[in-house]
Each structure stands twice: as C-alpha cells, then as structure tokens.
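# Observations on chain architecture
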Amino acid sequence: MSDEVPLPEGFESITVPANGTRLHAVVGGAGEPVLLLHGWPQTWRAWRHLMPALAAHGYRVVAPDLRGIGASDRPPSGYDKNTQAEDMRELLAQLGIHGGVRIVGHDIGGMVAFAYARLHPEEVEHLVLVELALPGFGLEQAMDVASGGLFHFGLFMTEELPELLLEGQESDFLTWWFDRLSAVPGIFPPEEVATVASSYRGYEALRAGFAHYRTLLEDGRVNRAWHETGGTLPMPVLAVGGEHSTGARLTDSLNTVAQRLTGAVIPGSGHFVPEEHPDAFARELLPFLAAPPHPARRT
C-alpha cells in the first residue's frame, strides 16, 4: 500500500533490512534528522501533513512504517517496544544517521519513541510524545475497564479473537474507530479510510497490527523497572495531548520521568492530532525541535 499512494513532494519511498526484518520508510529533506513514528491503526501517512513543513524548516525527515504495518514486513515476533526501538535505530543507521536525532511518536509510535530515548538517551536530541498512555506510567489505569478504562486494549491483546471478529470488516471498523476517536468531523473521508484499511486487511495484517498491543504489559514492566532503578530522560521532552482526548494527562504522567518536560494541549483536537490540527501542532512542534537540546552554560 505505502508504495502505491502519492508521496509528499520531494520525498521518496525506501525499504531496507533492519534488525532481522525489512522496514519501509518515506524520507525527504536535508539537515538534522527527525524520526516520525506513527500509531495504530495507521502508517507513515499519519505524518503527511507535517512532513513537507519539517523538510522546509531544514530537517531530514524519516517516516517509517512500524514492523508489521504498511509496506514493512510482518514477522511473527519482535513487537515489544525495546525491539522496535532497535528497528528504528538500525533503520537510521542504514541511512547514515548515528545519533543526533529528534524523535516524534504518536500513540504506539510514542511508546517506541520512549523506548528509544530510554535505551539510547545520548543519541536523542529532542523527544516528542503525542496522544498516548505510556506503559508503566498510566496505561494500565487507562485499560482498566472496571474503573472506566478503554475496552479495546483487552480485546486487541487477546490472541486470535480480534482477527477473527474483524477480518472482512476492516473498512467498517476503521470508519467507526476514526469517527470515535477524532473530534474534527470528516477528517478521515472514505478514501483515506480505504487507504489505511488496505494496510490492515486480512488475518495476517490484523495479527501483525494487534501484536503491537500484545506486548504492552511486558513493556510496562520494563519501563517501571528502569524508572525504579533511577532512570529518567535527560533530553527535552514535549508531551502533546488533544483537548478532547488525552489532554494534559500524558504530561502529568511524565512528571517524574522527564527532567526537562514541556506540555501542550491542542485545542479542538481528538486523538489524531497530526491530522486533525496539523498547523496548531506544528506551532508547538517546530519551536521545540529548534531549541538547543542542552541547557545554556553559565559564564
């Protein structure tokens, strides 16, 4: 799918071996690298409105399809966020990028971005997390339906069942899903839903998509163990929520985790901030990415 849809002007599609699988990415621009990590149920296209602006501001933009999604391969395992962080690191190495990266992650992609920053803090200049509940830092409460949490985590984490229920109903389900989680009417028209659904159609594609959810409890244990032994993030961190979705909860959950934390809430937005309000998001994102990554030294 990702090789067939139009690319932003000045961008190209690549597929490279990385960490025992093959990953597809759309890349363009020149300058300091920015890695954009999409969530579920999306592909690199989640960033299509922002990619040209980032390139125009002097960044080399890398927007991959996560393992198992879009035009990337669908291996049977490796969907824990530590492994996927190494996917991204090896993808960047294939492009000649070794550190000095700014990472922006939405939803599941934000979990991968967090793992990358936790594992390789010296390589990450800025970290931006958008619209997620982080494993180990609020996700477990968000998935607790007995306390008003969201039902879909338990469904998606159940082996085989969601594939059986949704195979053949992908477009109908995604239409409902995007309408339910977005706050801007019509932001996902039928043609866009069809494009996304083409990446999640069929049992194997659904299985690979839900595999991202089936590691979440272990991802949370790993994150908590890191923090309980003194782990914190030293780089600047921007936590972004949509007014009608996460709001400021993500920022609040990171208070003890990120040493240099900034929070932002995008007015009028639901869960899909980069598509619902790309201009408002860019007004928060671009100055943050351009700020010096290290505190000014006193003279």
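In what follows, the accompanying structure is described. (Residues numbered from 1 in each chain as written. Predicted model: local features only at pLDDT ≥ 70, side-chain atom pairs only at ≥ 80, totals over all residues. Heavy atoms only, no water.)

## A short note on the pattern of salt bridges
Put simply, the test is: The rule for a salt bridge is simple: a side-chain nitrogen of Lys or Arg has to be within 4 Å of a carboxyl oxygen of Asp or Glu. Under the DSSP-based scheme used, a helix requires at least four consecutive residues in state H or I and a strand at least two consecutive residues in state E, with every element numbered from the N terminus. Categorising residues by exposure relies on relative accessible area from a 1.4 Å probe, with only protein chains included: less than 20% of the type maximum marks a residue as buried, more than 50% marks it as exposed, and the intermediate range marks it as partly exposed.
Considering all chains together, one arrives at 13 salt bridges under this definition. Ionic pairing is found between lysine 81 and aspartate 219, a salt bridge with its closest N-O pair at 2.8 Å. Of the two residues, lysine 81 sits in helix H2 (residues 81-94) while aspartate 219 sits in helix H10 (residues 216-228), which places them 138 residues apart along the sequence. You'll find lysine 81 and aspartate 219 in the same group, each marked buried. One salt bridge connects glutamate 163 with arginine 214, and the closest N-O pair in it is separated by 2.8 Å. Residue glutamate 163 is found in helix H6 (residues 161-166), and its partner arginine 214 is found in the loop between helix H9 (203-211) and H10; the two are separated by 51 residues along the sequence.

## Re the sheet that holds strand S7 (residues 233-242)
The condition that has to hold: Criterion used throughout: strands pair if DSSP finds at least two bridges between them. Whenever a helix is involved, its axis is fitted only over the stretch in contact; in every case the axis is a line through C-alpha atoms, and angles between N-to-C directions fall within 0 to 180 degrees. Contact criterion: two residues are considered in contact whenever any of their non-hydrogen atoms come within 4.5 Å of each other.
Taken in spatial order, the 8 strands make up an open sheet running S1-S2-S4-S3-S5-S6-S7-S8, and their pairing is mixed. Each edge of the open sheet is held by one strand with a lone partner, namely strand S1 (11-18) and strand S8 (258-266). Neighbour to neighbour, the strand axes of the sheet diverge by 20° on average, direction disregarded. Relative to strand S6 (residues 124-130), strand S5 (residues 101-106) runs parallel, the two being bridged by 6 bridges. Within S6, the residue paired with glycine 105 across the bridge is leucine 129. Against the sheet, helix H3 (residues 108-119) engages strand S3 (32-37), S5, S6 and S7, with an angle of about 145° to S5.

## Structural notes on helix H13 (residues 278-290)
The periodicity of an α-helix, 3.6 residues per turn, causes residues three or four places apart in sequence to face the same way. Here is the rule: Helix span, as expected, comes to 1.5 Å for every residue beyond the first.
Taking 1.5 Å of rise per residue, 13 residues should cover 18 Å, and H13 covers 18 Å from first to last C-alpha, within 8% of that figure. Buried within H13 are the following residues: Pro278, Ala280, Phe281, Ala282, Leu285, Leu286, Phe288 and Leu289.

## Overview of the packing of H3 against H10
Cut-off, in case you're wondering: A clockwise turn of the near helix away from the far one marks a right-handed crossing, whereas an anticlockwise turn of less than a right angle marks a left-handed crossing. Under the scheme applied, nonpolar residues are Ala, Val, Leu, Ile, Met, Phe, Trp, Tyr, Cys and Pro; charged residues are Asp, Glu, Lys and Arg; polar residues are all the others, including Gly.
Running from amino to carboxyl end, H3 crosses H10 at an angle of 30°, the nearest separation of the two axes being 12 Å. As H3 packs across H10, the resulting crossing turns out to be left-handed. Only Leu216, Val222, Asn223 and Trp226 of H10 make contact with H3, whose side of the interface consists of Met111, Phe114 and Arg118. A breakdown of the residues in the contact of H3 with H10 according to their chemical character gives 5 nonpolar, 1 polar and 1 charged.

## Here we look at the side chain of arginine 45
Here arginine 45 is to be found in the loop between S3 and helix H1 (51-56). You can call arginine 45 buried: its relative accessible area is 12%.

## Points about the environment of glutamate 140
Definition in use: Counted as a polar contact is a pair of N or O atoms within 3.5 Å, where, for protein atoms, one must be capable of donating a hydrogen and the other of accepting one, and residues adjacent in sequence contribute only when both atoms are in side chains.
With respect to the element layout, glutamate 140 can be found in helix H4 (residues 139-142). Remark: the alpha-carbon pair of glutamate 140 and phenylalanine 153, spanning 13 residues in sequence, is separated by 9.6 Å. From its side chain, glutamate 140 meets the backbone nitrogen of glycine 136 in a polar contact 3.0 Å long. One polar contact links glutamate 140 to arginine 224, side chain to side chain, over a distance of 3.2 Å.

## Brief notes about the pairing of S1
In this sheet, strand S2 (residues 21-28) lies alongside S1 in antiparallel orientation, the contact comprising 8 bridges. Bridge pairing in S2 links proline 17 to arginine 22. Counting the residues between successive antiparallel strands, the hairpin from S1 to S2 contains 2 residues, one of them, asparagine 19, with a positive phi of roughly 55°.

## Some details on the packing of H2 against H3
Put simply, the rule is: Roughly parallel refers to an angle under 35 degrees, roughly antiparallel to one over 145, roughly perpendicular to one between 65 and 115, and oblique to any angle outside these ranges.
For the pair H2 and H3, the least separation of the axes is 8 Å and the interaxial angle reads 75°. Taken together, the axes of H2 and H3 are roughly perpendicular relative to one another. Between H2, through Lys81, Asn82, Gln84, Ala85, Glu86, Met88, Arg89 and Leu92, and H3, the contact on the second element is made entirely by Ile108, Met111, Val112, Ala115, Tyr116, Arg118 and Leu119. When its residues are assigned to classes, the contact of H2 with H3 shows 9 nonpolar, 2 polar and 4 charged.

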